[in-house]
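These are the residues of each chain, in order.
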Amino acid sequence: MRTQTLNVDLHCHSTASDGLLPPKEVAQRAAANGVQLWALTDHDELSGLDEARAEAQKLGMQFISGVEISVTWAGRTVHIVGLNVEDHQTQINDELAYIRAGREQRAKEIGDKLTGLGIKNAYEGALRYVSNPSLISRTHFARFLVEEGYCANMGEVFKRYLGDHKAAFVPMQWATLAQSVHWIREAGGKAIIAHPGRYEFTPVQFGALFDEFKALGGVGIEVVTGSHRPDQYAEYAQVAKHYGFEISCGSDFHAPGEGRLDLGTLPPSPAGLPTVWDEWLG
Ligand code: AMP
Ligand code: MN
Ligand code: MN
Ligand code: MN
């Protein structure tokens, strides 16, 4: 007998941050790919959610309001996904605007560093890809560098230039872990550690991150995500079990042809673990 699993995708991006499709088209692509429970989770930004929700409703998809908050923890960037947040709540909107505010200055400094490395006009080039003026991101620089032939693909850009502490990296102070969890909880949502397998922490640091996150009221961790290699699914399922986290999943889709997984094409999540979405199912 075949078991029918629900098609769940709770992590992706639109033109409200560093995705290439407007929220409406992300919704359409998710629906076309069979997604039944969907969240849009733009970086530090809630402005795409109304359009996404309206289109999801039209298409008969259950919609969850989401966000992916940039956090600095132990000197590194960590992403915390908030799901089921009240997106018209004032505090989270004000706080996210504050977090976004340093991006333009940082982008100019990235441009200067790239100029120093012989890559001219990268700031102006990145701006050509920016759809939300308050959200210029490393992704926009990466698209420019690939388009201009400086690197073969986005992965190479991060490896050579833009990854943490690489040649054109400019450090940022994002939100604290405590702030991100607090804002999400105040907005009625669940806080989830995004793609833990991407962080270059030691085992001791990972333990401290998970303990602190749990103590702050964080509840979930992504296991199946387009930002993990398949061998990391089992690893983080074990972490979820050990810490008593609910599991979440999402493609981390940004644009057609970019990234490991398209919307709605995730392998099934490991069975037998509580999920963040169990309680949202109608
Ligand atoms: P920022 O928010 O400006 O620091 O940019 C972070 C974004 O860069 C992430 O949300 C991803 O979309 C992208 N990114 C980070 N690392 C990589 C990578 N290794 N390959 C491709 N994209 C990446
Ligand atoms: Mn991104
Ligand atoms: Mn992320
Ligand atoms: Mn993401």
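Let me sum up the structure you'll find in this document. (Residues numbered from 1 in each chain as written. Chains lettered and ligands numbered in written order. Predicted model: local features only at pLDDT ≥ 70, side-chain atom pairs only at ≥ 80, totals over all residues. Heavy atoms only, no water.)

### A short note on the packing of helix α1 (residues 23-32) against helix α2 (residues 49-59)
Link 1 in the chain: For the pair α1 and α2, the least separation of the axes is 8 Å and the interaxial angle reads 35 degrees. Of the two elements, α1 crosses α2, and the hand of that crossing is right-handed. Contacts between α1 and α2 involve Pro23, Lys24, Ala27, Gln28 and Ala31 from the former and Glu51, Ala52, Glu55, Ala56 and Leu59 from the latter.
Link 2 in the chain: Of the residues in the contact of α1 with α2, the class split is six nonpolar, one polar and three charged. (Axes fitted to C-alpha atoms, helices over the stretch in contact; angles between N-to-C directions. Helix = DSSP H or I, 4+ residues; strand = E, 2+ residues; numbered from the N terminus. Left-handed = near helix turned anticlockwise from the far one by under 90°. Contact = heavy atoms within 4.5 Å. Nonpolar A, V, L, I, M, F, W, Y, C, P; charged D, E, K, R; others polar.)

### A word on unusual backbone geometry
Link 1 in the chain: Not every positive phi belongs to a glycine, and His165 is a case in point at roughly 70 degrees.
Link 2 in the chain: Mapped onto the elements, His165 comes out in the loop between α7 (154-162) and α8 (177-186).
Link 3 in the chain: Assessed through its relative accessible area of 53%, His165 is described here as exposed. (Buried < 20%, exposed > 50% of the residue type's maximum accessible area, 1.4 Å probe, protein only.)

### What to know about the coordination of the manganese ion (ligand 4)
Link 1 in the chain: Taken together, the protein donors to the manganese ion (ligand 4) comprise His11 (NE2), His13 (NE2), Glu68 (OE) and Asp252 (OD), at separations of 2.1 to 2.2 Å.
Link 2 in the chain: Here the manganese ion (ligand 4) and the manganese ion (ligand 2) are spaced 4.6 Å apart. With Glu68 in strand β3 (residues 62-73) and Asp252 in the segment after β7 (246-250), this pair connects stretches of sequence that are 184 residues apart.
Link 3 in the chain: Given the relative accessible area of 9%, Asp252 is considered buried. (Donors = N, O, S within 2.8 Å, 3.2 Å for Na, K, Ca; no water.)

### Examining the layout of surface pockets
Link 1 in the chain: Put simply, the largest pocket is a space of about 1,400 Å³.
Link 2 in the chain: Around the largest pocket sit 40 residues that line it, and Arg138, Gly155, Phe158, Arg198 and Ser227 are the ones nearest its centre.
Link 3 in the chain: At the level of secondary structure, the elements contributing two or more residues to the lining of the largest pocket comprise β3, β4 (76-83), α4 (103-116), α6 (138-147) and α7.
Link 4 in the chain: Here the residues of the lining of the largest pocket sort into seven nonpolar, 18 polar and 15 charged.
Link 5 in the chain: Looking at which domains feed residues into the lining of the largest pocket, each of domain 1 (8-100 + 172-280) and domain 2 (103-162) supplies at least three.
Link 6 in the chain: Taken as a whole, the second largest pocket spans an internal volume of roughly 420 Å³.
Link 7 in the chain: Looking at the second largest pocket, it is lined by 18 residues, and the ones nearest its centre are Thr5, Leu6, Pro268, Ser269 and Trp277.
Link 8 in the chain: Of the residues that constitute the lining of the second largest pocket, the class distribution is eleven nonpolar, six polar and one charged. (1 Å grid on protein atoms, 1.4 Å probe; cavity = no way out; pocket = protein on both sides within 12 Å on 5 of 7 lines; lining within 4 Å. Points joined across faces, edges and corners; volume = space filled by probe spheres on them. Domains from an automatic or database assignment.)

### A short note on the site of ligand 1
Link 1 in the chain: Every residue close to ligand 1 is listed here: Asp18, His43, His79, Arg103, Arg106, Ser137, Arg138, Thr139, Met154, Phe158, Arg198 and His254.
Link 2 in the chain: In the model, an oxygen atom of ligand 1 is placed 3.2 Å from a nitrogen or oxygen of the Thr139 side chain.
Link 3 in the chain: The contact in question runs from an oxygen atom of ligand 1 to an N or O atom on the side chain of His254, over 2.9 Å.
Link 4 in the chain: Contact with the protein chains removes 81% of the 500 Å² of surface that ligand 1 exposes when unbound.
Link 5 in the chain: Of the pockets mapped on this structure, ligand 1 occupies the largest pocket.
Link 6 in the chain: Taken together, the elements giving at least two residues each to the shell around ligand 1 come down to α4, α6 and α7.
Link 7 in the chain: Grouping the constituent residues of the shell around ligand 1 by class yields two nonpolar, five polar and five charged.
Link 8 in the chain: Here the shell around ligand 1 gathers at least three residues from each of two domains, domain 1 (8-100 + 172-280) and domain 2 (103-162). (Near = heavy atom within 4 Å. Polar contact = N/O pair within 3.5 Å; in protein donor to acceptor, adjacent residues only side chain to side chain. Areas by Shrake-Rupley, 256 points an atom, 1.4 Å probe, with all protein chains shown as cover. Sits in = over half its atoms within 2 Å of the grid points.)

### Brief notes about the packing of helix α9 (residues 203-216) against helix α10 (residues 230-243)
Link 1 in the chain: Running from N to C, α9 and α10 point in directions that differ by 50 degrees, and their axes come no closer than 11 Å. One finds that α9 runs oblique with respect to α10. Crossing handedness for the pair α9 and α10: right-handed. Across the interface between the two elements, Phe206, Gly207, Phe210, Asp211 and Lys214 of α9 pack against Tyr236, Val239 and Tyr243 of α10.
Link 2 in the chain: Among the residues forming the contact of α9 with α10, the class breakdown is five nonpolar, one polar and two charged. (Parallel < 35°, antiparallel > 145°, perpendicular 65-115°, else oblique.)

No statement about biological role is implied by the geometric values presented.
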